[in-house]
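What follows is each chain in one-letter form.
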Amino acid sequence: MTAKRYGMVIDLHRCVGCAACDIACKSENNVPYEFHWSNHILETTGTFPNVRYRYIPTLCNHCENAPCVHNCPTTAMYKSADGLTLHDADKCIGCRLCQLACPYGVIYFNDQAPFSQFDNDNAPAIPECTSTGQEVALRTGVPIPYYNPARATTYPGVRAQGIVEKCTFCDHRLAQGELPWCVESCPTEARIFGDLNDPESAPRQALAKHAPRVLQKEKGTKPRVFYIRDF
Amino acid sequence: MDPNVFYSIQSGPIWDWRVAVDLFAGGVGVGAFLFAILLSRFGEQRYQRLAQTAAIIAPFLVMLGLAFLFWKVGNKTNVYQMAINLAPSSLMWWGFLIQSALVALGLIHAWQWLDRAPNAARDRLGLLVGALALLVGVYHGLLLAVLTSHPIWASGSMVLMAVLAFTTTGVAGALVAHLLRMTVAGRSDEEGELTGYVDGLRPVRTVLLLALALMLANFFFWWVDLSFGSLESAQALAAAWSAYGPLLLLAGIGLGLVVPLVLIAWFFGNAPVSKPALTLSAIGLASLLVLVGGFAIRYAVVMGGQVSLPISVF
Ligand code: SF4
């Protein structure tokens, strides 16, 4: 049996630009407000009344010819057997060369200490009246909301400081036979995910039906995130 | 009408001034190594003290650069991972290996230079150190040139710039250090009288003049290449220029290339023998300016290459 080769097709005709994928990714992967493992490009062309607006969801392209992988000096950024571009936090030195090499701006560097948001949440909104977020969490005994046990099966459950991070195609969910959470959360089923080596798979079918495009084809990175149709 | 693109990615430069210091100090170190080795092979006896200065400062300059790089990396406790993982497709991995070897052998070489007497073992080691230094100097340019998503960096001019920069700043660094040494510790008998000493430096002047002129020409071709290349490269040049153009032009090219070129050409052409002390001071000043300009160039290139552009869509 041939190895799997995961890929994603994004149907721009179906995408309504609701950003549910962006939010879903944040909650699934502990991604903070200012990072965007799942992201989008907004493009406006033309002049009124002939204006064209495009919303293009982006994420790590899990490139076949991934410059982040080629350039990483510790092999922390690597290709898995099923074609995912993954990151080994234990090997990363935080040199950020992968970030410079990636033409898509999908890799983020985390310079915040774990729990720093929690540690800094120590000023009440109304002094002498409301509790701080920190007090509420400590008094109620709820777990500090930075640890994600599901995510932690393949990646640090608490995001480590001083290293890079990026979309993993939810490899922890794939390991359980589930789809990436952005795919599950898309209300219009614009994200089509599966094994590109399987001719019967949904993405292969979609690619057979519609001419695909990729971002910055001329860079030769061979992305595994394809865009079909438009609106 | 051009599309209006909004794409919120991580802001700010990815590599900051510490990387520029690494490339600059490393380049001065590499150039000083090569200068020392060439002087010890081909230089007269009176320049062996200068070779000694260059050989001793060289590994420490490379180490200084690496210290700044170490300061820059986010996860310092993992740096050993470069030594235990094979990453042959990564230039930085090769750079780590070559620079480690250069520092280790360069320190032995510097130690052997504590005694200026002829030393065959030191000469043999010098050949190896010289080869490693050359590789590191080229690596400093290649490291940026392979990053094709940054048009400012991704060209052969980047590599040539690194080679010319280590040539000029290495010689200048060694000269400044040696002039300081002469000022503090005095001249040694083996260096002979000043007139002959200054006059004998003519080959060094020729190398400096040639490298400075080539660097100017390289900047011009780089500019032409980017301006008349792809739309992406022209946009990258315009963006980098608006942020770092004045620094590059005034400090890098003006102060660091043109003024030293004129100073060296003028003083060697007019007063080397009649006013040797003045010529030596002029060489010192020119060398200092080459160093200041050399850092400005590295800084402008490192930072300018990262000025972000709107992402191209389909
Ligand atoms: S930041 Fe980490 S993953 Fe990226 S190139 Fe450096 S070591 Fe590799």
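Shown above is the structure to which this text applies.
All values derive from a computational prediction rather than experimental measurement.

Now for the overall build of chain A. Helix and strand content of chain A: eight helices and nine strands. The C-alpha radius of gyration computed for chain A amounts to 19 Å, which stays within 12% of the reference 17 Å derived for 231 residues, consistent with globular compactness. Over its C-alpha atoms, taken along the principal directions, chain A stretches across nearly 60 × 50 × 35 Å. Taking all 231 residues of chain A together, the buried fraction comes to 54%. Restricting to contacts in chain A with at least 6 residues of sequence separation, those with at least 24 account for 61%. Total accessible area on chain A is roughly 10,800 Å²; 55% of this is exposed by carbon and sulfur atoms. If you average the places of the 23 positive and of the 24 negative side-chain charges in chain A, the two averages end up 9 Å apart.

Around the ligand there are 13 residues in total, and Cys72(A), Cys92(A), Cys95(A), Arg96(A) and Cys98(A) lie nearest to it. Here the residues of the shell around the ligand sort into nine nonpolar, three polar and one charged.

Counted by the stated rule, this structure contains 18 salt bridges over all chains. Across the pair Glu232(B) and Lys219(A) runs a salt bridge whose closest N-O atoms are separated by 3.1 Å. Of this pair, Glu232(B) sits in helix H9 (residues 231-270) while Lys219(A) sits in the loop between helix H8 (202-209) and strand E9 (225-228), which puts the two residues in different chains. Residue Glu232(B) is classed as partly exposed on the basis of its relative accessible area, which comes to 30%. A residue is classified by how much of its surface remains accessible, and Lys219(A), at 18% relative accessible area, is buried. Its salt-bridge partner being Glu44(B), residue Arg46(B) comes within 3.0 Å of it at the nearest N-O pair. What emerges from the salt-bridge pattern is a single network uniting Glu43(A), Arg52(A), Arg54(A), Arg213(A) and Asp230(A).

Quick look at the packing of helix H5 (residues 120-145) of chain B against helix H6 (residues 156-185) of chain B now. Axis angle and axis distance: for two packed helices, these are the angle between their axes and the distance between the axes, and together they describe the pair. All names here are of chain B. Relative orientation of the contacting elements H5 and H6 amounts to 145°, with a least axis distance of 8 Å. Considering only the axes of H5 and H6, their crossing is right-handed. From H5, Leu134, Gly137, Val138, His140, Gly141, Leu142, Leu144 and Ala145 reach across to H6, where they touch Met158, Val159, Ala162, Val163 and Phe166. Classifying every residue of the contact of H5 with H6 gives 10 nonpolar, three polar and no charged.

We now examine a nonpolar patch on the surface. Among the surface-exposed residues, Phe220(B), Phe221(B), Trp223(B) and Phe228(B) lie close enough to one another that they form a single nonpolar patch of about 520 Å² accessible area. Residue placement: Phe228(B) occurs in the loop between helix H8 (202-227) and H9.

Facing 51 residues of chain A, the contacting portion of chain B comprises 41 residues. Surface buried jointly by chain A and chain B totals about 3,600 Å² across both partners, of which 57% is contributed by carbon and sulfur atoms. Considering only the surface of chain A that becomes buried against chain B, Pro73(A), Ile93(A) and Leu100(A) emerge as the three largest contributors, covering 19% of it. Linking chain A to chain B there are one salt bridge. Linking chain A with chain B are 23 residue pairs in polar contact (both at pLDDT 80 or more), by the criterion used here. If you list the elements that add at least two residues to the side of chain A that touches chain B, you get strand E2 (39-45), strand E3 (52-58), helix H2 (67-71), helix H3 (97-101) and strand E6 (108-110) of chain A. Ranked by the residues each element gives to the side of chain A that touches chain B, the list is headed by E2(A), at seven residues. Considered class by class, the residues forming the side of chain A that touches chain B number 26 nonpolar, 17 polar and eight charged.

Estimated volume of the largest pocket: approximately 1,100 Å³. Every residue lining the largest pocket is counted, 44 residues in all, and those nearest its centre are Ser308(B), Leu309(B), Pro310(B), Ile311(B) and Ser312(B). Counting only elements with at least two residues in the lining of the largest pocket, the list comes to H3 of chain A together with strand E1 (4-7) and H9 of chain B. The element best represented in the lining of the largest pocket is H9(B), accounting for four residues.

Conventions adopted
Residues numbered from 1 in each chain as written. Chains lettered and ligands numbered in written order. Predicted model: local features only at pLDDT ≥ 70, side-chain atom pairs only at ≥ 80, totals over all residues. Heavy atoms only, no water. Helix = DSSP H or I, 4+ residues; strand = E, 2+ residues; numbered from the N terminus. Rg over C-alpha atoms; globule rule 2.2 N^0.38 Å. Buried < 20%, exposed > 50% of the residue type's maximum accessible area, 1.4 Å probe, protein only. Contact = heavy atoms within 4.5 Å. Areas by Shrake-Rupley, 256 points an atom, 1.4 Å probe, with all protein chains shown as cover. Lys, Arg positive; Asp, Glu negative; His and termini not counted. Charge placed at Lys NZ, Arg CZ, Asp CG, Glu CD. Near = heavy atom within 4 Å. Nonpolar A, V, L, I, M, F, W, Y, C, P; charged D, E, K, R; others polar. Salt bridge = Lys/Arg side-chain N within 4 Å of Asp/Glu carboxyl O. Axes fitted to C-alpha atoms, helices over the stretch in contact; angles between N-to-C directions. Left-handed = near helix turned anticlockwise from the far one by under 90°. Patch = residues over 30% accessible without salt bridge, like charges linked within 9 Å, V, L, I, M, F, W, Y side chains within 5 Å. Buried area = accessible area lost by both parts, 1.4 Å probe. Polar contact = N/O pair within 3.5 Å; in protein donor to acceptor, adjacent residues only side chain to side chain. 1 Å grid on protein atoms, 1.4 Å probe; cavity = no way out; pocket = protein on both sides within 12 Å on 5 of 7 lines; lining within 4 Å. Points joined across faces, edges and corners; volume = space filled by probe spheres on them.

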